[in-house]
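Summary of the model geometry
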Amino acid sequence: MVGVPNARLAAEVAAARAVVEEEPIERVRGLLAETVGVDPEEVCAWAEARGWDAVVTVATGGLDTFDVLLVPGGVGSGTLTGVYVPPGERSLSALASDPVRTRVAGELMSVLRRRLGERLPSYMVPAAFVALEALPLTVSGKVDRSALPAPEYSVGSSRAARTPQEEIVSGLFAEVLGLPAVGMEDSFFDLGGHSLLATRLVNRIRAVMGADLELRTLFDQPTASGLVRHLSDAGSRPVLARRERPERLALSPARSTSRPPRALGTSRGSGPASGRRSSTTRRPTRSC
């Protein structure tokens, strides 16, 4: 028997379809109150009373139906094989979760991040890893980048800002990264930051805080707390300030020191060779 209405699911499936089709709520409640179909246990009891064994399998028609395979009584005393009817194109994975796959994928991404961190600088380690069943391909067999899912960045559970300076720096982190909030110990590159966003963040810190911050400092201190410590360090570079232009400027740093004037010509002395260099031209002689 194929496509037997399942009394355990028929009402719920019909009500779900009514909700999708935006039918009135009274119609949805009426469908939930109806009893439609046959319970699988009743089919098994009916077959057993007539000397048959009923094997209930997943239906090929939909979630609200099931298929029944009847075999002579006594045949099913052992383990029955070959009685399962495949559900066609529908995958059973859509009906249940796979916690083992999620755990294995998480462990794999952790191992990848750790291995890459041991061999590459921190700014070259990918900010996010996404597990896929298969790469989406175009009709020409190339990777369809537009169909790739966007990575999801999760903010860690690090401490919040405590001082006004920490609030400004963490707020600039969140502004550049497009996140609602960033903790003081969250790494800029682990949250999706890259070289272009790093340049933007450094420029924003310079403009808002008036600090002279180098781009390399962000790669060395990728957290908000690290940048705050660097900016608070008394040994950091001073902020560039406007200075008055002097009336006379030196041509070069070497010209700024006093040196004796340098002679531009040759000193004149006594003798025919002084003052200028004489030259004599000889003509080649031709031998006969």
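Computed from a predicted structure; not experimentally measured. (Residues numbered from 1 in each chain as written. Predicted model: local features only at pLDDT ≥ 70, side-chain atom pairs only at ≥ 80, totals over all residues. Heavy atoms only, no water.)

Mean pLDDT over the protein stands at 75; residues scoring 70 or higher make up 73%. Between residues 269–275, whose pLDDT stays under 50, and residues either more than four places distant or in other chains, the model counts one contact. (pLDDT = per-residue confidence, 0-100. Contact = heavy atoms within 4.5 Å.)

Okay, the packing of aromatic side chains next. Scanning all chains against the criterion turns up three aromatic pairs. Ring centres of Phe188 and Phe189 lie 5.3 Å apart, and the angle between their planes is 85°; on these two criteria the pair is classed as edge-to-face. Considered together, Phe188 and Phe189 belong to a single accessibility category, that of buried residues. With a centroid separation of 5.1 Å and 25° between ring planes, the pair formed by Phe189 and Phe219 is classed as stacked. Remark: Phe219 occurs in helix H7 (residues 215–220) and Phe189 occurs in the loop between helix H5 (164–177) and helix H6 (195–209); sequence separation between them is 30 residues. Judged on exposure class, the residue Phe189 and its partner Phe219 are both buried. (Phe/Tyr/Trp six-rings, centres within 6.5 Å; stacked < 30°, edge-to-face > 60°. Buried < 20%, exposed > 50% of the residue type's maximum accessible area, 1.4 Å probe, protein only. Helix = DSSP H or I, 4+ residues; strand = E, 2+ residues; numbered from the N terminus.)

Counted by the stated rule, this structure contains seven salt bridges. Between Glu23 and Arg27 there is a salt bridge whose closest N-O contact spans 3.5 Å. A residue is classified by how much of its surface remains accessible, and Glu23, at 31% relative accessible area, is partly exposed. When the shortest N-O distance is used, the salt bridge between Asp220 and Arg216 registers 3.9 Å. Note that Asp220 and Arg216 are positioned in helix H7 at a spacing of four residues, about one turn of the helix. Among the charged side chains, a salt-bridge network with shared partners connects Arg159, Glu166 and Glu185. (Salt bridge = Lys/Arg side-chain N within 4 Å of Asp/Glu carboxyl O.)

A separate point is the packing of H5 against H6. Look at H5 against H6: their axes get within 10 Å of each other, and the N-to-C directions meet at 145°. Relative to H6, H5 is oriented so that their crossing is right-handed. Counted together, Gln165, Ile168, Val169, Leu172, Phe173, Glu175, Val176 and Leu177 of H5 and Leu197, Arg200, Leu201, Arg204, Ile205, Val208 and Met209 of H6 form the full contact between these two elements. (Axes fitted to C-alpha atoms, helices over the stretch in contact; angles between N-to-C directions. Left-handed = near helix turned anticlockwise from the far one by under 90°.)

Another point: helix H3 (residues 40–49). Taken as a whole, H3 has its buried residues at Pro40, Val43 and Ala47. End-on, the buried residues of H3 take up no more than an arc of 55°, which puts them together on one face. Within H3, the exposed residues directed more than 90 degrees away from the buried face are Glu41, Glu42, Glu48 and Ala49. Considering only its buried residues, H3 is in contact with strand S2 (52–58) and strand S3 (65–72). At the N-terminal end of H3, a side-chain oxygen is found 2.9 Å from the backbone nitrogen of Glu41, two or three residues along, and the residue is Asp39. (Arc of directions from axis to C-beta. Polar contact = N/O pair within 3.5 Å; in protein donor to acceptor, adjacent residues only side chain to side chain.)

On the surface, Val130, Leu132, Leu135, Leu137, Val143 and Leu148 cluster together into a nonpolar patch covering about 490 Å² of accessible area. Residue placement: Leu137 occurs in the loop between helix H4 (99–119) and H5. (Patch = residues over 30% accessible without salt bridge, like charges linked within 9 Å, V, L, I, M, F, W, Y side chains within 5 Å. Areas by Shrake-Rupley, 256 points an atom, 1.4 Å probe, with all protein chains shown as cover.)

Angle between the axes and distance between the axes: these two values describe a pair of packed helices. Interhelical geometry of H5 versus helix H8 (residues 224–232) gives an angle of 130° and a closest axis separation of 9 Å. By the angle class used here, H5 and H8 are oblique. Classified by chirality, the crossing of H8 by H5 is right-handed. Contact with H5, carried on its side by Gln165, Glu166, Val169, Ser170 and Phe173, involves Ala224, Leu227, Val228, Leu231 and Ser232 of H8 and no other residues of that element. (Parallel < 35°, antiparallel > 145°, perpendicular 65-115°, else oblique.)

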